[in-house]
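# Architecture and fold: a report
Residue strings, one per chain:
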Amino acid sequence: MLPASEIGEAPATPCCSENGDQRKDVKDKSEINITALTGNEQVCEGTDNGDLPSYVSAFIEKEVGNDLKSLKKLDKLIEQMTESKMQLEEQVLTVSSEIPKRIQSALKNADESKQFLTQFLEQETHLFSSINSHLLTAQPWMEDLGVMINQIEEIERHLAYLKWISQIEELSDNIQQYLMTNNVPEAASTLVSMAELDIKLQESSCTHLLGFMRATVKFWHKILKDKLTSDFEEILAQLHWPFIAPPQSQTVGISRPAGAPEIYSNLETLFCQLLKLQTSDELLTEPKQLPEKYSLPASPSVILPIQIMLTPLQKRFRYHFRGNRQTNVISKPEWYLAQVLMWIGNHTEFLDEKIQPILDKVGSSVNARLEFSRGLMMLVLEKLAADIPCLLYDDSLFCHLVDEVLLFERELHSVHGYPGTFANCMHILSEETCFQRWLTVERKFALQKMDSMLSSEAAWISQYKDITDVDEMKVPDCAETFMTLLLVITDRYKNLPTASRKLQFLELQKDLVDDFRIRLTQVMKEETRASLGFRYCAILNAVNYISTVLADWADNVFFLQLQQAALEVFAENNTLSKLQLGQLASMESSVFDDMINLLERLKHDMLTRQVDHVFREVKDAAKLYKKERWLSLPSQSEQAVMSLSSSACPLLLTLRDRLLQLEQQLCFSLFKIFWQMLVEKLDIYIYQECKRSLYYFKFECWFCFTSERCPAVNFRAASCCSSIK
């Protein structure tokens, strides 16, 4: 490559046909090209780098190179450079002419904005002075006006106070007039209006007015309540209320009393009038409530007519089951529980047929039967709260109480339709001290039951051994009794009001399962030497049964709800990893997974021990069979009839006896797993250790006891046999 200073000069020796003039033209064009490059942006870059000659050399090198014939491109390059230079000059001239105009416009706008700002500041100063002057002038007027406004507001408050008093007195006079004319319905309606005014005034700070209003409501409420209660009780007496006799006998006695239409008409009238007093009664009467430690659900007080109907029953209950009466025996909770259930049953028909239509007629959403039951339940709850501390540390009495309460709750909910959302006996049993005692007693009696069931002579014998259809899983008596125990515990705690209490019982069940598994493991270790014996197989059946039942329970709605509750508790306490929480939330795992995994591991270990035992016996019986010289046997085509090898008889007889024994002692699912595990080991032993030829020998199918050649290419006995699937 020639240096930039020598481009266009003639070489030392002529190497082309160009004359001197042509070389001169080329030199001139090269100089023009360099001049054009200085106007290009690329030259600017070279200039910025401080090495313009190097940039020009590089450009010439790129465009021309070593081939001098490429100099023909110079004309085109010069035109391009010239055009680029003209465009750049036009851009520079355009920008140079526009910038001053923009600057001038911006300066002009700034001056105008400054002038406007100055004007605004002058106006603001003038307005500020004017406002201050006006405020100073108006200040005396404002003070006088404020005093007058305060006086007006005070007078208005006095007027409003007097209006309230006047309204209260007017309502009170109206009630008095209605009572003087014996117009009780209108008096009751007016009292409702007065009670509503009392409710509106609750946020007022006028304590004297509130006191006057409450005293007036209380005065007229007592008068009306006493009068209506007296009349209502008289009507109930005519109907022979309360119904102490059973429903069959009381239906005949009260279905058609003398003047029945008039009595029921008066009953409806008085019932409706008493309902009108409900608002004022709730204002004046504090409902009886048990201590907060029992966590009873919030509920309104029983409606006034039902309260009056409950009064004679409450008197009877307190008479018989409080104090020193012979019927008040702390060891006999079933007496008062049965009495309450009998009262509910005796009055159900009357409440449904006579009282409920009245409530429906006035548009009330109250269920008469449930309201009546709720009133009686408060008696039971009070009695339980008083009795439980007295027998808390007597296991037999406490257990008896819990049993009776659970039976009472079951009948109350199933027979009488009492909702679980209402206050019930389970709230009393859920109190912390009582609940912990309940858990302790449940654990104690469950462990005692487990001891007795495992020590029983029939512990490992199935109750249904003679019934094939029922005894499919060959469950020993101890395992079935244990799962029944767990099921009973579930029924006992499933109606607890809170999920946290249910989860504590669930933990108790899991502890019992683990304890029973440990006991089974201990018994199994004692029977290890007789791994094919009856008791060992019974233990294996028990483990399989418990695992299967727990897996079924995991899909039960009740335990799925507990799983969701446990998920919330674990999430709050951060006791599980995100993976475990995700598995619980997606239902991939269950609340019994830990127990099931331990039981499955025990089951696999026991099956493996049985398989190893049988495999050792088969290996001992197969020693002669293993020594057979198979290559010396005639081929199949030379044998007229295929026959069983005599040396295989001990092996097959041992295998037959053990399979028959275990088929009779193990359930079908366990036996299937057993023979598949055994066949896998025998396959490896026969076809790898004995190294028999795949072509020259006959194959004895051990399970079919035939000497036909097995159709399976790999001679797997499990594939060959058609009798065991």
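Everything below is about the structure shown above.
Report on the accompanying structure. (Residues numbered from 1 in each chain as written. Predicted model: local features only at pLDDT ≥ 70, side-chain atom pairs only at ≥ 80, totals over all residues. Heavy atoms only, no water.)

### Describing the overall build of the protein chain
Our working definition: Every helix listed is a DSSP run of H or I at least four residues long, and every strand listed is a run of E at least two residues long, numbered separately from the N terminus. Note on definitions: a residue-residue contact is assigned when non-hydrogen atoms from the two residues lie within 4.5 Å. Throughout, the Shrake-Rupley method with a 1.4 Å probe supplies accessible areas, and for residues the shown protein chains are the sole cover considered.
Scanning the protein chain from terminus to terminus reveals 25 helices and zero strands. For the protein chain, restricting intrachain contacts to residue pairs at least 6 apart in sequence, the fraction spanning at least 24 positions comes to 72%. In the form shown here, the protein chain has an accessible surface area of approximately 42,000 Å², with 54% of it arising from carbon and sulfur atoms.

### A short note on helix α6 (residues 207-238)
Heads up, the rule is: What a helix is expected to span follows from its residue count: subtract one and scale by 1.5 Å.
Taking 1.5 Å per residue as the helical rise, α6 with its 32 residues ought to reach 46 Å, and the 46 Å between its terminal C-alpha atoms agrees with that figure. H240, located one to two residues past α6, shows a positive phi value of around 65°.

### A short note on the pattern of salt bridges
What counts, and what does not: We define a salt bridge as a contact between a side-chain nitrogen of Lys or Arg and a carboxyl oxygen of Asp or Glu at a distance within 4 Å. Burial classes follow relative accessibility: with a 1.4 Å probe on protein chains only, a residue under 20% of its type's maximum area counts as buried, one over 50% as exposed, and anything between as partly exposed.
Scanning the entire structure with this criterion turns up 23 salt bridges. Of the charged contacts in the structure, one is a salt bridge between R322 and E382, with a shortest N-O distance of 3.0 Å. With R322 in the loop between α10 (304-321) and α11 (333-361) and E382 in helix α12 (residues 368-391), this residue pair connects regions lying 60 residues apart in the sequence. Across the pair D511 and R443 runs a salt bridge, and its minimum N-O distance is 3.7 Å. Linking D511 in helix α17 (residues 499-526) with R443 in helix α15 (residues 432-455), this pair joins segments that are 68 residues apart in sequence. For D511, a relative accessible area of 37% puts it in the partly exposed group. One connected set of salt bridges, linked through shared partners, spans D395, R437 and K444.

### Focus: the packing of aromatic side chains
How we decide: In summary, the pairing rule links any two rings of Phe, Tyr or Trp, Trp by its six-membered ring, whose centres are within 6.5 Å, and it sorts them by plane angle into stacked for under 30 degrees, edge-to-face for over 60 and tilted for everything else.
If you walk through the whole model with that rule in mind, you get 22 aromatic pairs. Measuring from centroid to centroid gives 5.0 Å for Y493 and F505, while their planes differ by 5°, and the two rings are stacked. Of this pair, Y493 sits in helix α16 (residues 477-493) while F505 is found in helix α17, placing the two residues 12 residues apart along the sequence. Just as Y493 is buried, F505 falls in that class too. The interplanar angle of 55° and the centroid separation of 6.3 Å between the aromatic rings of W553 and F592 together place this pair among those described as tilted.

### Thoughts on the packing of α6 against helix α8 (residues 260-276)
How two helices sit against one another is set out by the angle between their axes and by the gap between those axes. Where we set the bar: Between N-to-C directions, angles span 0 to 180 degrees; the directions come from axes that are lines fitted to C-alpha atoms, helices contributing only their stretch in contact. Less than a right angle of anticlockwise turn of the near helix away from the far helix marks a crossing as left-handed, whereas a clockwise turn marks it as right-handed. Each residue gets one label: Ala, Val, Leu, Ile, Met, Phe, Trp, Tyr, Cys and Pro are nonpolar, Asp, Glu, Lys and Arg are charged, and the others, such as Gly, are polar.
As a packed pair, α6 and α8 sit with axes 10 Å apart at the nearest point and diverge in direction by 145°. In the packing of α6 onto α8, the handedness of the crossing is left-handed. Only I263, N266, L267, L270, F271, Q273 and L274 of α8 make contact with α6, whose side of the interface consists of L228, T229, D231, F232, I235, L236 and Q238. Residues of the contact of α6 with α8, tallied by class, amount to nine nonpolar, four polar and one charged.

### Things to note about the packing of α8 against α11
Selection rule: Here the angle decides the label: under 35 degrees means roughly parallel, over 145 means roughly antiparallel, 65 to 115 means roughly perpendicular, and every other value means oblique.
Close contact between α8 and α11 brings their axes to 10 Å; oriented N to C, the two are set at 55°. As the angle between them shows, α8 and α11 are arranged oblique. In the packing of α8 onto α11, the handedness of the crossing is right-handed. In this structure, α8 contributes Y264, L267, E268, F271, C272 and L275 to the contact, and α11 contributes F350, K354, I355, I358, L359 and K361. When grouped by side-chain class, the residues that make up the contact of α8 with α11 number nine nonpolar, no polar and three charged.

### Here we look at the environment of W553
Positionally, W553 belongs in helix α18 (residues 534-553). Filtering out sequence-adjacent residues up to four positions away, W553 remains in contact with M483, L486, L487, F559 and F592.

### Focus: α12
Formally: Pairs of N or O atoms within 3.5 Å make up the polar contacts considered here, provided that, within protein, one atom can donate a hydrogen while the other can accept it, and that residues adjacent in sequence are counted only when both atoms are side-chain atoms.
Its 24 residues place the ends of α12 35 Å apart at the C-alpha level, agreeing with the 34 Å of an ideal helix rising 1.5 Å per residue. Burial within α12 is extensive, with 19 of its 24 residues counted as buried. By the N-cap criterion, in which a side-chain oxygen at the helix start approaches the backbone nitrogen of a residue two or three places on, α12 is capped by N367, the distance to R369 being 3.1 Å.

### Things to note about the environment of Q664
Note that Q664 resides in helix α23 (residues 649-665). Linking Q664 and F534, residues 130 residues apart in sequence, is a C-alpha distance of 9.8 Å.

### Considering the side chain of N346
Along the polypeptide, N346 turns up in helix α11. Within the local environment of N346, its side chain forms a polar contact with the backbone oxygen of F243, the two atoms lying 3.3 Å apart.

### Some points on the nonpolar core
As a reminder, the rule being used: Side-chain atoms within 4.5 Å are what join buried Ala, Val, Leu, Ile, Met, Phe, Trp, Tyr and Cys residues into a set we call a nonpolar core. Residue ranges labeled as domains rest on an automatic or database domain assignment.
Of all hydrophobic cores here, the largest spans 163 residues; its most connected members are F271, M309, I355, W438, F482, L550 and F674. Counting residues per element, this core draws most heavily on α18, which supplies 12 residues. Each of domain 2 (286-430) and domain 3 (435-605) accounts for three or more of the residues forming this core. Not counting residues up to four positions away in its chain, the partners in contact with F674 are L607, Q610, V611, V614, L659 and L662.

### Things to note about unusual backbone geometry
In this structure, P242 follows W241 across a cis peptide bond, with omega equal to 0°. Mapped onto the secondary structure, P242 falls in the loop between α6 and α7 (247-254). Of note in the backbone geometry, N182 takes a positive phi value of approximately 60° without being a glycine. When you line up the elements, N182 lands in the loop between α4 (74-180) and α5 (184-200). Relative accessible area serves as the criterion here: at 53%, N182 is assigned to the exposed category. Backbone geometry at H240 places phi at a positive 65°, although glycine is not the residue there. Within the secondary structure, H240 is located in the loop between α6 and α7. A residue is classified by how much of its surface remains accessible, and H240, at 49% relative accessible area, is partly exposed.

### Considerations on the environment of K502
As for its placement among the helices and strands, K502 is situated in helix α17. Sequence spacing of K502 and F559 is 57 residues, and the spatial spacing of their C-alpha atoms is 9.9 Å. Residues contacting K502, with those up to four places away along its chain left out, are Y493, K494, L496, F558 and L562.

### Some details on a nonpolar patch on the surface
Put simply, the rule reads: Nonpolar side chains (Val, Leu, Ile, Met, Phe, Trp, Tyr) within 5 Å and like charges within 9 Å form the patches, drawn only from residues with over 30% relative accessible area and no salt bridge.
There is a patch of nonpolar side chains on the surface, built from V95, I99, I103 and L107 and spanning about 360 Å² of accessible area. Positionally, V95 belongs in helix α4.

### Points about the side chain of E480
What counts, and what does not: In this count, Lys and Arg are taken as positive residues and Asp and Glu as negative ones, while His and the chain termini are left out.
With respect to the element layout, E480 can be found in helix α16. Nearest to the buried, unbridged E480 among oppositely charged side chains is K449, at 12 Å.

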